[in-house]
Amino acid sequence: MDIMTDYENPAVTGEDIALPTRSGFVALIGPTNAGKSTLVNRLVGAKVSIVSHKVQTTRAVMRGIAIHKNAQIVFMDTPGIFKPRRRLDRAMVTSAWGGAKDADLILLLIDSERGLKGDAEAILEGLKDVPQKKILCLNKIDQVKREDLLKLAAAANENVTFDRTFMISATNGSGCEDLMDYLVDTLPEGPWYYPEDQISDLPMRQLAAEITREKLFLRLHQELPYASHVETEKWEERKDGSVRIEQVIYVERDSQKKIALGKNGDAIKAISTASRKELSEILEQPVHLFLFVKVRENWGDDPERFREMGLEFPRG
Ligand SMILES: Nc1nc2c(ncn2[C@@H]2O[C@H](COP(=O)(O)OP(=O)(O)OP(=O)(O)O)[C@@H](O)[C@H]2O)c(=O)[nH]1
Ligand SMILES: [Mg+2]
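Residues numbered from 1 in each chain as written. Chains lettered and ligands numbered in written order. Predicted model: local features only at pLDDT ≥ 70, side-chain atom pairs only at ≥ 80, totals over all residues. Heavy atoms only, no water.

In the vicinity of ligand 1, 23 residues are found, and the nearest of them are Lys-36, Thr-38, Thr-57, Thr-58 and Asp-142. For ligand 1, an oxygen atom lies 2.9 Å from a polar atom in the backbone of Asn-33. In isolation ligand 1 offers 660 Å² of accessible surface; the protein chains occlude 88% of this area. Broken down by element, the residue count for the shell around ligand 1 peaks at three residues, all from helix α1 (residues 36-44). (Near = heavy atom within 4 Å. Polar contact = N/O pair within 3.5 Å; in protein donor to acceptor, adjacent residues only side chain to side chain. Areas by Shrake-Rupley, 256 points an atom, 1.4 Å probe, with all protein chains shown as cover. Helix = DSSP H or I, 4+ residues; strand = E, 2+ residues; numbered from the N terminus.)

This is the structure:
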């Protein structure tokens, strides 16, 4: 794990001054669409991982770094765990379980509305063999009745030993303060891993590609989001304080390229406008964004693309 070991602990301010620092890695795992990325963004207090209403949005482990009281907590947002079909699916699921291996604590996130149906059951089964301390978070409690939550909590605790169960809403923040307090008390004493002002370890070029991919997930439907992949090709800081960014959206077929462009280029224009707007907010500078759509039939079987995404390439 590439952590900064020579980093001097920054002074903890105010009332926490006498407390020793704490730090650790918390892996969020769960079925796809449970709200893992939404929760990481909420706990970090900034967007570090993209979110959409579609399944399989996150493709690789994204780290979000939060400071709460005397602790620095590194959240590892992982791809949702589901029954994989394509090579990319397998790499995503492997990366999620790999994230869990590296963590001090495992946070299983369940969508309370969906309950334990389908993938959640299989994940609970897989968790039995995971040695780390585990906690359960029932998310989206804004959508369900309290008595259903209690039943769900009991059912999930039947076969796996969770240290604690939290009931939260990642979108409205309810229960999140209690969760953070618990994490501070639970993580080991030790120096912080990252500088105090760092919230992500993703290079800006990659975050920018992710932001465009999010807009694409929000705008395009059916198989298209899953058949596409975004890379930042050029990043040019200009004298006038603006930045010129060129990105390529890879799709698998010519017919998909047509849909990605849209009638009169409407789709690509909408994606580009939304992405440029968010990027200029994040970068706090004007952004000139140029998007190109290219057909690359076998990108889903190309080891180089997996490396770019931060995924292991599954052989065979
Ligand atoms: N009502 C409600 N919706 C939520 C809550 N948390 C997340 N969502 C929604 O759930 C959807 C999925 O959220 P994501 O954060 O992308 O879920 P994920 O678990 O990261 O999904 P993958 O990356 O695809 O595995 C989005 O539409 C969120 O707005 C919540 O507490 N309440
Ligand atoms: Mg996600």
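Within the secondary structure layout, Lys-234 lies in strand β7 (residues 229-237). Lys-234 sits 13 residues away from Gln-247 along the chain, and the two C-alpha atoms are 7.0 Å apart.

Moving on, we get to the UniProt feature "domain: Era-type G" (unreviewed entry) in the protein chain. In this structure's numbering, the residues bearing the UniProt feature "domain: Era-type G" (unreviewed entry) are residues 22-189. Within residues 22-189, the helical portion is 33% and the strand portion 24%, while the C-alpha atoms at the span's ends are 4 Å from each other. (UniProt positions renumbered as here; feature names shortened; annotations may be inferred.)

For the rest of this paragraph, the subject is helix α8 (residues 266-283). In this model, α8 (18 residues) spans 25 Å end to end at C-alpha, consistent with the 26 Å of a helix rising 1.5 Å per residue. Listing the buried residues of α8 in full gives Ala-267, Ile-268, Ile-271, Ser-272, Ser-275, Glu-278, Leu-279 and Leu-283. Axial view of α8: buried residues confined to an arc of 145 degrees, hence all on one face. For α8, the exposed residues lying more than 90 degrees away from the buried face are Lys-269, Lys-277 and Glu-281. Directly beyond the C-terminal end of α8, a positive phi value near 55 degrees is found at Glu-284. (Expected span 1.5 Å × (residues − 1). Buried < 20%, exposed > 50% of the residue type's maximum accessible area, 1.4 Å probe, protein only. Arc of directions from axis to C-beta.)

Before going further, it helps to spend a moment on the packing of helix α7 (residues 254-261) against α8. Where α7 contacts α8, the axes come no closer than 4 Å and their chain directions differ by 60 degrees. When the axis of α7 is compared with that of α8, the two are oblique. Along the contact surface, α7 presents Ile-259, Ala-260 and Leu-261, while α8 presents Asp-266, Ala-267 and Ile-268. Of the residues contributing to the contact of α7 with α8, the split by class is five nonpolar, no polar and one charged. (Axes fitted to C-alpha atoms, helices over the stretch in contact; angles between N-to-C directions. Parallel < 35°, antiparallel > 145°, perpendicular 65-115°, else oblique. Contact = heavy atoms within 4.5 Å. Nonpolar A, V, L, I, M, F, W, Y, C, P; charged D, E, K, R; others polar.)

Moving on to the coordination of the magnesium ion (ligand 2). Only Ser-37 (OG) and Thr-58 (OG1) from the protein reach the magnesium ion (ligand 2) as donors, at distances of 2.0 to 2.1 Å. Highlighted residues: Ser-37 in helix α1 and Thr-58 in the loop between α1 and β2 (62-68), separated in sequence by 21 residues. Thr-58 matches Ser-37 in its accessibility class, with the two residues each being buried. (Donors = N, O, S within 2.8 Å, 3.2 Å for Na, K, Ca; no water.)

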